[in-house]
Amino acid sequence: MASNTLTITDNRTGRTYTLPIEDGTVRSLDMRQIRTGEDDFGLMMYDPAFVNTASCRSSVTFIDGERGILEYRGYPIEVLAENCTFLEVAYLLLFGKLPNKSELNAWVYEITHHTMLHETTRKFMEGFRYDAHPMAMLVSTVAALSTVYPEAKNVQDPANRLRQIKRLIAKMPTMAAMSYRHNVGFPYVYPDNDLSYTENFMNMLWRMVEPKYAANPVLARALDVLFILHADHEQNCSTNTMRSVGSSLADPYLAVASAAAALSGPLHGGANEEVLKMLNEIGSKDKVPAYIRKVKEGHIKLMGFGHRVYKNYDPRAKIIKRTAEQVFQVTGSNPQLDIALELERIALEDEYFVDRKLYPNVDFYSGIIYQAVGFKPELFTVLFAIPRSVGWLAQWEEMHRDPERKIARPRQIYTGERTRTFIPMEERAVAGAVSA
Ligand code: SDX
């Protein structure tokens, strides 16, 4: 019977090695035994950007890129988006099961009663320039919470970790809304505990002089669905950052701030803001073919398209597209939707995109909805960071419970010079004589 092993012959020495195959992987450390002699360090695996490397074992999120499947704790994303609230899904991601009614009520009560920020944090935010980008403000302010809750450094106490997890989930919308209000020069609006998680977020963003904010239920539900879709996505760039920073036992506020910083990049969570800029640049449907040509010539990327894992349509993009229709019934259609639909139609027929398996990802349609609901493009990545903080924290908690947890410290292939002779200052060439 074929054994679950890999046999490797090192042609440099003629020696053969048999390595166990476990869960479709070979342990990279098993390669170290393959050496040419006593002073040989042994083989390493070279995998820039970890394109083919499993960094951990996780039971939080499952993705099948070829089939376009996404499941949180085994539940298909379509079922969760249809039947759950965001806080219900947050409970599922963190604790591994859907809450019953009393568990959900207790969870919602806990989160609702941690939405306030210490006043020093409000003063901290007032120090930003009037036009500071909300994402940079959010990253900095989350890190600053580390100074408000110094006990958070005790990351090896599960009860302490859970207390900080609740605080972060509760306070992300408050900080996000404050970064927006600061950016537009409006006074801050404090949380209203009578409202749901997303309605309260809308309240803190948009309440002006009315005594009580009344969220449009269709828009509030659309935001809740968007939060569900953005909550986790296994070992993406920002989650990898969360785990890496967390592996040094840094506190969760600094780890979440690091993950949010990774998310802000235009190739990751910043793509939704870039999609809106792209649609504005294209301007009209008839200019789409010319834009596609520029993409195919390699000058630019089609933002909101492509994915490291999905080589099929991102299941979240399908749900977002359906949610857009419900939103536009309330807000009126967004002209950029027509441009986006034309881009998608042409791209899905064009061999450049088909050959490279480039399909719309989660960021392609989300920005169009956010803009229709009333968000400025500068806030789009902040809207990604709020729900994704649940995924980062679920993965962080799982890492702390992992018996194989170690500080993340990859190796390298050294390409520089070795043991150079030191040159005293007086003997060094005159500046400019040698190109820097
Ligand atoms: C997110 O990982 C996650 O799970 C992330 C995320 C999450 O929930 O956390 O899903 C959220 O980040 C979604 C992705 C948002 N980013 C964008 O929409 C930016 C545009 N997309 C690309 O930059 C790109 O598709 C990436 C970054 C998403 C993935 O890049 P990869 O896996 O490194 O793929 P690649 O760059 O090696 O591309 C393979 C080929 C290349 O062409 P060739 O060199 O083979 O000729 O496809 C081309 C690329 O040039 N290509 C694109 C393209 N994406 C890849 N060409 C045009 N437009 C694009 N968008």
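Residues numbered from 1 in each chain as written. Predicted model: local features only at pLDDT ≥ 70, side-chain atom pairs only at ≥ 80, totals over all residues. Heavy atoms only, no water.

**Student:** So what exactly am I meant to see when it comes to the sheet that holds strand β5 (residues 75-76) here?
**Tutor:** Strand pairing in a sheet is mediated by backbone hydrogen bonds. Such pairs are either parallel or antiparallel. Overall, antiparallel pairing links the 3 strands, which are arranged β3-β4-β5 in an open sheet. If you trace the sheet from one side to the other, it starts and ends with β3 (61-64) and β5, each paired once. Note: strand β4 (residues 69-72) against β5, 2 bridges, orientation antiparallel. Looking at β5, one finds that Y72 is bridged to Y75. (Pairing = 2+ DSSP bridges. Helix = DSSP H or I, 4+ residues; strand = E, 2+ residues; numbered from the N terminus.)

**Student:** Would you take a moment to explain the pairing of strand β2 (residues 15-20) for this structure?
**Tutor:** The two faces of a sheet get side chains in turn, since along a regular strand they alternate between them. In the sheet, strand β1 (residues 5-10) pairs with β2 via 6 bridges, with the strands oriented antiparallel. Bridge pairing in β2 places I8 opposite Y17. Once β1 ends, the chain turns through 4 residues before running back antiparallel as β2, passing G14 with a positive phi of about 80°.

**Student:** Help me understand the packing of aromatic side chains, please; the structure alone is not making it clear to me.
**Tutor:** For any pair of aromatic rings, geometry is given as the distance between the ring centres together with the angle between the planes. In this structure the tally under the stated criterion is 17 aromatic pairs. Note on F305 and F364: the rings are 5.0 Å apart at their centroids and 90° apart in plane angle, and the pair reads as edge-to-face. Within this pair, whereas F305 is found in the loop between α12 (288-296) and α13 (315-331), its partner F364 is found in helix α16 (residues 362-373), the two being separated by 59 residues in sequence. In this pair, the class of F305 matches that of F364, namely buried. Arranged with centres 4.9 Å apart and planes meeting at 80°, the rings of F364 and Y365 form a pair that is edge-to-face. Among the residues examined, F364 registers a relative accessible area of 0% and is labelled buried. Site record: aromatic cluster; members linked through ring pairs are F86, Y197, F201, W206, F227, Y370, F375 and F380. The ring of Y352 is capped by R356, whose NZ or CZ atom sits 3.8 Å from the centre of that ring. (Phe/Tyr/Trp six-rings, centres within 6.5 Å; stacked < 30°, edge-to-face > 60°. Buried < 20%, exposed > 50% of the residue type's maximum accessible area, 1.4 Å probe, protein only. Lys NZ or Arg CZ within 6 Å of the ring centre and 35° of its normal.)

**Student:** Just checking my understanding: could you explain unusual backbone geometry for this structure?
**Tutor:** With the exception of glycine, most residues fall at negative phi, and the peptide bonds are largely trans. With phi around 55°, D23 is a residue other than glycine that occupies positive phi space. Along the chain, D23 falls in the loop between β2 and β3. Exposure remark for D23: the relative accessible area of 58% places this residue in the exposed category. One non-glycine residue, T419, lies in the positive phi region at around 30°. In this fold, T419 is placed in the segment after α17 (380-400). By relative accessible area, which is 73% here, T419 ends up exposed.

**Student:** What am I meant to see in the packing of helix α6 (residues 158-184) against α17 here?
**Tutor:** Each pair of packed helices can be summarised by the angle the axes make with each other and by the distance between the axes. Contact geometry of α6 with α17 gives a least axis separation of 9 Å together with a crossing angle of 170°. Relative to α17, the element α6 lies roughly antiparallel. From α6, R161, I165, L168, I169, M172, P173 and A176 reach across to α17, where they touch V382, A385, I386, S389, V390, L393, W396, E397 and H400. Among the residues making up the contact of α6 with α17, the classes are represented as 12 nonpolar, 2 polar and 2 charged. (Axes fitted to C-alpha atoms, helices over the stretch in contact; angles between N-to-C directions. Parallel < 35°, antiparallel > 145°, perpendicular 65-115°, else oblique. Contact = heavy atoms within 4.5 Å. Nonpolar A, V, L, I, M, F, W, Y, C, P; charged D, E, K, R; others polar.)

**Student:** How should I be thinking about the site of the ligand in this particular structure?
**Tutor:** H233, H307, R308, R316 and R388 are the nearest of the 22 residues found near the ligand. Between H307 and the ligand, the recorded distance is 2.6 Å, taken from a side-chain N or O atom to an oxygen atom. Between Y352 and the ligand, the recorded distance is 3.5 Å, taken from a side-chain N or O atom to a nitrogen atom. Alone, the ligand offers 1100 Å² of accessible surface; in the complex the protein occludes 73% of this. Here the shell around the ligand is built from residues that sort into 9 nonpolar, 7 polar and 6 charged. (Near = heavy atom within 4 Å. Polar contact = N/O pair within 3.5 Å; in protein donor to acceptor, adjacent residues only side chain to side chain. Areas by Shrake-Rupley, 256 points an atom, 1.4 Å probe, with all protein chains shown as cover.)

**Student:** When you look at the domain arrangement of the protein chain in this model, what are you seeing that I'm missing?
**Tutor:** Buried accessible area, meaning the area lost when the parts come together, often serves as the stated size of an interface. As far as domains go, the protein chain holds domain 1 (5-46) and domain 2 (60-405). Computed from C-alpha coordinates alone, the two centres of domain 1 and domain 2 are separated by 41 Å. (Domains from an automatic or database assignment.)

**Student:** Sorry, what's going on with the nonpolar core here?
**Tutor:** Counting 117 residues, the largest nonpolar core has Y72, I169, F201, M278, L302 and F375 as the members making the most contacts within it. Residue contributions to this core peak at 12 residues, all from α17. (Core = buried A, V, L, I, M, F, W, Y, C linked by side-chain atoms within 4.5 Å.)

**Student:** What should I look at first to understand the environment of P187 in this one?
**Tutor:** Here P187 is to be found in the loop between α6 and α7 (197-206). A C-alpha to C-alpha distance of 8.7 Å links P187 and M208, two positions 21 residues apart in sequence.

**Student:** Which parts of the structure should I look at to understand the side chain of S238?
**Tutor:** Looking at the secondary structure, you find S238 in helix α9 (residues 237-246). Within the structure, S238 has its side chain in polar contact with the side chain of W392 (distance 3.0 Å). When neighbours within four sequence positions are excluded, S238 is seen to be in contact with A259, A262, L263, H268, R388 and W392.

**Student:** Is there a simple way to explain the pairing of β3 in this structure?
**Tutor:** In this structure, β3 lies alongside β4, joined through 4 bridges in antiparallel fashion. Pairing of D64 across the sheet is with I69, part of β4. Counting the residues that bridge the hairpin from β3 to β4 gives 4 residues, and of these G68 lies at a positive phi of roughly 65°.

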